[in-house]
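Examining the three-dimensional arrangement
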Amino acid sequence: MTAPAALIDAARSGDARAFEQLVAPYRGELQTHCYRMLGSLHDAEDAVQDTLARAWRSVGSLDERGFVRAWLYKIATNRCLTAIEQRRRRELPIGVTPGTPAAEISWLEPYPDVSPETHYLARESVELAFIAALQHLSALQRAVLILRDVLGFSAAEVAEQLDTSTASVNSALQRARQAIASTAPTQQTVLRDLGNAAVDDIVTRWSDAWEAGDVDAIVAMLAHDARYSMPPLPQWYRGKDEIRAFLLRGPLRSRWRFLPTTANGQLAFGTYLWDDAAGAYVPGGLDVLTLRDGRVAEITAFLTADLTRFGLPPRIHT
């Protein structure tokens, strides 16, 4: 889709309102793109701000064909590539190489769900497993895979955006696909196959079990090889027995309230624990669940997530 010539001319002549009209339709998807590249909501927001500032300074380079989306993606992708060179890749505790010093680890962050109107393939592309896998690709492979397979740019368009050859793009894409290949169904597929009634039942039973402090009910909902992690803590637990022991000696000593939400296209809960001093339930983290065969296969509890970014209250008073 191309922008109206009059709007482009106005923006190129220094009309800030015209420029805003040109870029506004792409802000949301640019942020999601930068999150895929960087694995961090905060870094993505910074990258988008920098992208738009750079775009405004170079708006004169936007040619009369009006391919605003491709122009913005070129700027955003190269901004992200620069950021990747300067920062460590983002990790989940389960993916960290044993023995890695804590000071060398940056943690993957959760992402507020894309709009319900967005096609499910877009939601698949922000699921935690996919984002975590992307971080283990080289910067070029990451950019090429996202631009080609997620965003649908042609090999020639990607080559132009990355200032490389079509052959290099195709080679990087092949290597990236091989490295990230997975036979596991996406969470979008799992949720669709379960259906709304079954998902609602899981939500209710999971919340009720936690709020009642019922470890047996929680463990009964787990897959036999379930995993539980809590970034930024490096420890994680595998299997029903390990998770049960951890819950009993830690989390279930507190009183909880759980509010359902979505994050990374997945079922999630804002968790709140009782604080006597505050006289309220205060944020305990954002738990993102991965389901498999109707059971909870993975819990990633982001302990420092800002719950208000996920449509949840800052605290609960009852």
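Here we summarise the structure given alongside this text. (Residues numbered from 1 in each chain as written. Predicted model: local features only at pLDDT ≥ 70, side-chain atom pairs only at ≥ 80, totals over all residues. Heavy atoms only, no water.)

**A short note on the pattern of salt bridges**
Think of it this way: side chains of opposite charge can pair up when their charged atoms draw near. Counted according to the given criterion, the structure contains 16 salt bridges. Glu45 is the salt-bridge partner of Arg309, the closest N and O atoms lying 2.3 Å from each other. Here the residue Arg309 occupies a position in the segment after β8 (295–302), and Glu45 occupies one in helix α4 (residues 41–57), the gap between them amounting to 264 residues. Accessibility expressed as a relative area gives 35% for Arg309, which makes it partly exposed. Overlapping salt bridges bring together Asp43, Arg87, Arg90 and Glu109 as one network. (Salt bridge = Lys/Arg side-chain N within 4 Å of Asp/Glu carboxyl O. Helix = DSSP H or I, 4+ residues; strand = E, 2+ residues; numbered from the N terminus. Buried < 20%, exposed > 50% of the residue type's maximum accessible area, 1.4 Å probe, protein only.)

**Some points on the sheet that holds β8**
Reading across from one edge, β4-β3-β8-β7-β6-β5 is the order of the six strands in this open sheet, with mixed pairing throughout. Where the open sheet ends on each side, the last strands, each with one partner, are β4 (233–238) and β5 (256–263). Taken pair by pair, the neighbouring strands of this sheet meet at an average axis angle of 20 degrees, ignoring direction. In this sheet, strand β7 (residues 280–292) lies alongside strand β6 (residues 266–275) in antiparallel orientation, the contact comprising eight bridges. Bridging across to β7, Gly270 finds its partner in Leu286. Those strands touched by helix α11 (residues 187–194) are β6 and β7, and its axis lies near 85 degrees from that of β7. (Pairing = 2+ DSSP bridges. Axes fitted to C-alpha atoms, helices over the stretch in contact; angles between N-to-C directions. Contact = heavy atoms within 4.5 Å.)

**So, the pairing of β4**
Pairing analysis gives four bridges linking strand β3 (residues 222–230) to β4, with the strands arranged antiparallel. Counterpart to Tyr228 in the pairing with β4 is Tyr237. In sequence, β3 turns back onto β4 through a hairpin of two residues.

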